[in-house]
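# Per-entry structural report
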Amino acid sequence: MLHALPLAESLAETTTSLSGWLTGLFSGTAPEPGASSSAAGIIVASVLKATVIVLIVQIGMLYATWGERKIIGRMQDRLGPNRVGLFGLAQPFADMIKMLTKEDITPTAAHKWVYNLGAILVVPPAIIGFAVVALDRNLIAADLSIGALFFFAIGSTAVMPIFMAGWGSRNKYALLGAMRAVAQVVSYEIPQVLSIVGVLLLAGTLSMNGLIHSQGPIGDAFPGVWFILLQPIGFVIFLLATTAEIERTPFDIPEAESEIIAGYHTEYAGIKFGLFYLALYFVTISASAVGAILFLGGWQPPFAFLAGIPGWIWMTAKTLALVFVFMWLRGTLPRLRVDQLMAFAWKVLVPISLVNLMVTGLLAKLVAGRAPLMVFGAFTVANVAMVALLIWLVAGWRRFNAARQITFERPAVQAVGAALRRGAA
Amino acid sequence: MEASIPLWWYLLVAAALFGTGLFGALSRRNAVGVLMGIELMLNGANINAVAFWRYIAVPSGAGLNGMDGQVFAIMVIALAAAEAAVGLALIISIYRNRQSVLVEDFSTMRG
Amino acid sequence: MMEMLAFGLVAGVAVGGAIGVVAARNVFVSALWLVLSFIGVAGIYAILGADFLAATQVLIYVGAISVLILFAVMLTHHVMGDERSNNRQAFLAFIVSSSVVAALGVLAYRTDWPIRPADAGGSVVTAMRGDLAGSSAASTAAQTGASTALTSTVDLALNQDSNVVRLGQALMTEHLLSFEIISLVLLVALIGAIVIARD
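Here the structure is a predicted model, which means the values were calculated and not measured. (Residues numbered from 1 in each chain as written. Chains lettered and ligands numbered in written order. Predicted model: local features only at pLDDT ≥ 70, side-chain atom pairs only at ≥ 80, totals over all residues. Heavy atoms only, no water.)

### Observations regarding the interface of chain B and chain C
Taken together, the contact between chain B and chain C spans 72 residues of the former and 89 residues of the latter. Between chain B and chain C the total buried area reaches about 7,500 Å² when both faces are included, carbon and sulfur atoms providing 72% of it. Among the residues of chain B in contact with chain C, R28, M36 and R54 of chain B are the three that bury the most area, contributing 10% of the side total. If you look at where chain B meets chain C, you find zero salt bridges. Across the chain B-chain C interface, the total number found is eight residue pairs in polar contact (both at pLDDT 80 or more). Going through the elements one at a time, α1 (7-27), α2 (31-55) and α3 (68-98) of chain B are the ones with two or more residues in the side of chain B that touches chain C. Of all the elements, α3 of chain B adds the most residues to the side of chain B that touches chain C, at 23 residues. (Contact = heavy atoms within 4.5 Å. Buried area = accessible area lost by both parts, 1.4 Å probe. Salt bridge = Lys/Arg side-chain N within 4 Å of Asp/Glu carboxyl O. Polar contact = N/O pair within 3.5 Å; in protein donor to acceptor, adjacent residues only side chain to side chain. Helix = DSSP H or I, 4+ residues; strand = E, 2+ residues; numbered from the N terminus.)

Here it is, written out as structure tokens:
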């Protein structure tokens, strides 16, 4: 019953197995002894919990759009929205009303079912991921034992609505945009997952709270150290791959409005376009939250003496910091070309993340059970060495490329180069 | 204690998936459709493996930790991925040469 | 009772999706039904307590294999057209496959399966209860004393995903050879697919 389940208590209950979570929605197998009253109570608690989380995310999403426009505006020497409400704070609501009142157009050639379902199904994968995001020690819908894997599995289903939207619209640009988008998302999924495997390896768990516990001021594997310090290369790869995964600039090739209009959502208008927009910000926030959990210690304070500040404030601050990084990237960098994009995933990110993973595994085996300071030192040395190697390789590759260009592309310079080489030899 | 699901329910669902996949593999004209049928059959077999892992007694042998069913399912999933990749590459290659993906057009070997 | 409802839901999704695969006239739509069926199968794994496998199913089947299939449909098919989808032996195939289902169903029902004795009758529920008990203990421990009871919390956290840990151990010990072979098969398939599709 509702009155028997105060909000805090219902938020405090956690389930660990997917089976428990799934059947828990229907059955009375309650994890909390105090809350195990009735099936109705459990359903009410689940609905409450889901509502609270979706509301938090919804408000976060609305103000993420506002914040993005303000920040990008400032970066481009503009003011950003400032007409509706104080500092333009009511702008998201004005936009919402605009989208809801626009005409709902379905192209006559479109496959009605696939077209409409594509727009609807874009949102669930973006929201379900929040089920395993821990805003605080107990403010988590389901602390599954496979939490991190669950998040990325749900994230990988996000390509289906893209396919449906692109194919259902029966528009060449939409189809092209969908194929570009799916190729990009599938390619960048590999470095994204590989970059977090190092973290999972160090933590020895997939559960979100377990991951947070192993990097707080109090913890198990490497106490007091955030994984960003042990896995800086992994963090950078995660950031880049996630930017591509959620199709934000500079990786927004699928919707490149100057090339293929707007990609797979070309044919969508009104609130159906709004749903794509919504999903974009949902995944931005959820990816930032997971990045904060995996690399920045989640709701744990950085130092033990700061433990007085509640966990959800830390978590929110870290998440917003990462959201800001995504917006910063958008305001700073130009869009890549399609071939550069795929080459970057397969020739740069995947090899680096594989090397990073191998080094991490080796080091984790070597320093297992040592003092935290020594572990930290060993990882710092290894990371510096890897970055140095990478810089050396990139510099060598650029020199090689420059030499090749001179040799093959400019006859006059080629002759000079040949003469020089003969002179040198 | 709640009433639990009997094992044969799972086996029935697995059989239904297997049978539907078999029908698809036998009756589809499109080679991609045949491949989809095969994927369904593999899924049916996988449900069986996991259901047996959950329900059936494991002989308490040396070193066995009783995860064989799940390991088997993971192997099948990996094999299905390999099969899909190679199968679809073949279909694309055939399409390039013959401009068709209908299996009845691939019967040049029949003489 | 409620567990049966959950089972009915996911089994309905799995079988309904499968029927959609063979009933749809358009190959693209049939691939979308296939995705639904895969998600239903993932739900069945989840109810069986194989969490890791459920997530793997979604990650590999929905996120990778379905994408491959949809790409193949888009690259080969006249994307927009409907056409006759079944061949002449469809009726025969229906008889064969329905008799296979009937035979398998009767066998599954009639066979006296050696159900695991320890938790006969309520295997899933008891196993689940065990997991949940561990979790609630962990969360209460985390609530009561953050600084004092932490080691025990971490121990419990490790126990919680014992299923995943055991699966990893099984893959790295008794099934190591098959694990290596499957990796090799994947590598060979990857190279083979690229070579075939390129020329």
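Having seen the model, we can carry on.
### Side note on the side chain of Q70 of chain B
Relative to the helices and strands, Q70 of chain B resides in helix α3. The buried category is assigned to Q70 of chain B, whose relative accessible area is 2%. If we skip the residues at most four places from it in the chain, Q70 of chain B touches W53 of chain B together with A50, L53, N163 and L167 of chain C. (Buried < 20%, exposed > 50% of the residue type's maximum accessible area, 1.4 Å probe, protein only.)

### A word on the pattern of salt bridges
Residues and elements named next belong to chain A. A full pass over the atoms with the stated rule returns three salt bridges over all chains. In this structure, E68 and R330 form a salt bridge, with 3.0 Å as the shortest nitrogen-oxygen distance. Taken together, the residues span a long stretch of sequence, with E68 in helix α3 (residues 39-75) and R330 in helix α15 (residues 311-332) at a distance of 262 residues. On the basis of relative accessible area, R330 is assigned to the partly exposed category, the value being 37%. Two residues, K272 and D104, come together in a salt bridge whose shortest N-O distance is 3.1 Å. With a gap of 168 residues between them, K272 in helix α14 (residues 270-295) and D104 in the loop between α4 (91-101) and α5 (112-120) connect regions that are remote in the sequence. In this structure D104 comes out as partly exposed when scored by relative accessible area, which is 47%.

### Some thoughts on the environment of R96 of chain B
Summarising the element assignment, R96 of chain B is placed in helix α3. On a C-alpha basis, the gap between R96 of chain B and S4 of chain B in space is 52 Å, while along the polypeptide they are 92 residues apart. Beyond its immediate stretch of four places on either side in the chain, R96 of chain B contacts A197, R198 and D199 of chain C.

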